[in-house]
Amino acid sequence: MTPTPQLHIINHPLVQHKLTLVRQAETHTQDFRRLLKEIAMLLAYEVTRDLPLRYEQIKTPLAEMTAPMVGTDKNMVIVPIMRAGQGLLDGMLELIPTAKVGHIGLYREPTTLMVVEYYLKLPRDVQERDLLVVDPMLASGHSAVAAVDRLKEANPKSIKFVCLLAAPEGVAYFHEIHPDVPIYTAAVDQGLDDHGYIIPGMGDAGDRLFGTK
Ligand code: URA
């Protein structure tokens, strides 16, 4: 899939290398978790490229200068989609320590296939902040779309969606419903299998992250 202004594919060599390691079936929970954290830091670096800067008068040991600093202290909210999204949270917070954290929990009702929200907690000043919605996998796109539907109701300044892997079907569906929300991903894979898993993908990200398989 070709990148567009709304689809950012992070092809930095370190991201691609670490992504290959997390894809491998023999990578166990401890390494999987560490690698997800490292990739999340690199994704945070890319996703914050357009942060506004302000200029402050500072003193180095040798001289005064006007130096750039990141915008205001009311900057971001990171919202992991539970549960796998939590695997990206610590890495993002390492790079953006002033961010607040919201949580959204969704599951797919097995008979109706409707997405059901079971948890939502956001900071009170969300209207003054930019939201980063994070989930390792953008598969069918149903959870991502439902999460962003709900988060838009809170009226944040902006929303970006950050994942590790996407399926073309998920990207298309997400942008059909939310064309205004950019996607940041490390790769777009071939597609989905009959169970909704991304192929070749990395398997069930939540199970691999928490060791629940
Ligand atoms: N969720 C996962 O964890 N893995 C997939 O491949 C698709 C959805």
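Scroll up to find the structure.
None of the values given here were measured: they were computed from a predicted structure.

Novice: I keep staring at the overall build of the chain and nothing clicks. Help me out?
Specialist: When helices and strands are counted, the chain shows six helices and 15 strands. The C-alpha atoms of the chain give 18 Å as radius of gyration, which agrees with the globular expectation for 213 residues (17 Å, within 12%). With respect to the principal axes defined by its C-alpha atoms, the chain has extents near 65 × 40 × 35 Å. When each of the 213 residues of the chain is scored for burial, the buried share is 44%. In the chain, the share of contacts with a sequence separation of at least 24, taken over all contacts with a separation of at least 6, comes to 63%. Put simply, the chain shows about 11,300 Å² of open surface, and 55% of that area lies on carbon and sulfur atoms.

Novice: Teacher, can you tell me more about the site of the ligand here?
Specialist: Around the ligand, the surrounding shell consists of Met 137, Ala 139, Gly 196, Tyr 197, Ile 198, Gly 203, Asp 204 and Ala 205. Within the backbone of Gly 203, one N or O atom sits 2.8 Å away from a nitrogen atom of the ligand. For the ligand, the protein covers 82% of the area, taking 240 Å² as the surface of the free molecule. When atoms are counted within 2 Å of each cavity's grid points, the one that captures over half of the ligand is the largest pocket.

Novice: How should I be thinking about a nonpolar patch on the surface in this particular structure?
Specialist: A surface patch of nonpolar side chains, amounting to about 310 Å² of accessible area, comprises Leu 53, Tyr 55 and Val 70. For Val 70, the position within the fold is in strand β3 (residues 64-70). Accessibility expressed as a relative area gives 39% for Val 70, which makes it partly exposed.

Novice: I'm lost on the pattern of salt bridges in this one. Help?
Specialist: Opposite charge on two side chains permits them to pair, given that their charged atoms come into close proximity. Applying the stated criterion across every chain yields a total of 14 salt bridges. Among the salt bridges present, the one from Lys 160 reaches Asp 50, with a minimum N-O distance of 2.8 Å. Of this pair, Lys 160 sits in strand β10 (residues 158-162) while Asp 50 sits in the loop between α2 (29-47) and β2 (53-59), placing them 110 residues apart in sequence. The salt bridge partner of Glu 56 is Arg 54, with a shortest N-O separation of 2.6 Å. Of the residues examined, Arg 54 reaches a relative accessible area of 33% and is grouped as partly exposed.

Novice: Help me understand the pairing of β3 in this model?
Specialist: Along a regular strand, successive side chains alternate from one face of the sheet to the other. In this structure, β2 lies alongside β3, joined through seven bridges in antiparallel fashion. Along β3, the bridge assignment pairs Lys 59 with Glu 64. What sits between the antiparallel neighbours β2 and β3 is a turn of four residues.

Novice: Explain the sheet that holds strand β11 (residues 165-166) to me, please; I cannot follow it from the model alone.
Specialist: Strand pairing in a sheet relies on backbone hydrogen bonds. The paired strands run either parallel or antiparallel. The strand order across the open sheet built from three strands is β9-β11-β13, with neighbouring strands paired in parallel fashion. Two strands close off the open sheet at either side, each with one partner strand: β9 (137-138) and β13 (187-188). Across two bridges, the pairing between β9 and β11 is parallel. If you follow Met 137 over to β11, its bridge partner there is Leu 165.

Novice: Help me understand the packing of helix α1 (residues 13-23) against α2, please; the structure alone is not making it clear to me.
Specialist: To describe two helices that pack against each other, one gives the angle between their axes and the distance between the axes. One can describe the packing of α1 onto α2 by two numbers: an axis separation of 10 Å at closest approach and a directional angle of 155°. If you check the angle between α1 and α2, you find them roughly antiparallel. Both α1 and α2 take part in a crossing whose hand is left-handed. On α2, the residues that touch Leu 14, Val 15, Lys 18, Leu 19, Leu 21 and Val 22 of α1 are Phe 32, Leu 35, Leu 36, Glu 38, Ile 39 and Leu 42.

About the criteria used
- Residues numbered from 1 in each chain as written.
- Predicted model: local features only at pLDDT ≥ 70, side-chain atom pairs only at ≥ 80, totals over all residues.
- Heavy atoms only, no water.
- Helix = DSSP H or I, 4+ residues; strand = E, 2+ residues; numbered from the N terminus.
- Rg over C-alpha atoms; globule rule 2.2 N^0.38 Å.
- Buried < 20%, exposed > 50% of the residue type's maximum accessible area, 1.4 Å probe, protein only.
- Contact = heavy atoms within 4.5 Å.
- Areas by Shrake-Rupley, 256 points an atom, 1.4 Å probe, with all protein chains shown as cover.
- Near = heavy atom within 4 Å.
- Polar contact = N/O pair within 3.5 Å; in protein donor to acceptor, adjacent residues only side chain to side chain.
- 1 Å grid on protein atoms, 1.4 Å probe; cavity = no way out; pocket = protein on both sides within 12 Å on 5 of 7 lines; lining within 4 Å.
- Sits in = over half its atoms within 2 Å of the grid points.
- Patch = residues over 30% accessible without salt bridge, like charges linked within 9 Å, V, L, I, M, F, W, Y side chains within 5 Å.
- Salt bridge = Lys/Arg side-chain N within 4 Å of Asp/Glu carboxyl O.
- Pairing = 2+ DSSP bridges.
- Axes fitted to C-alpha atoms, helices over the stretch in contact; angles between N-to-C directions.
- Parallel < 35°, antiparallel > 145°, perpendicular 65-115°, else oblique.
- Left-handed = near helix turned anticlockwise from the far one by under 90°.

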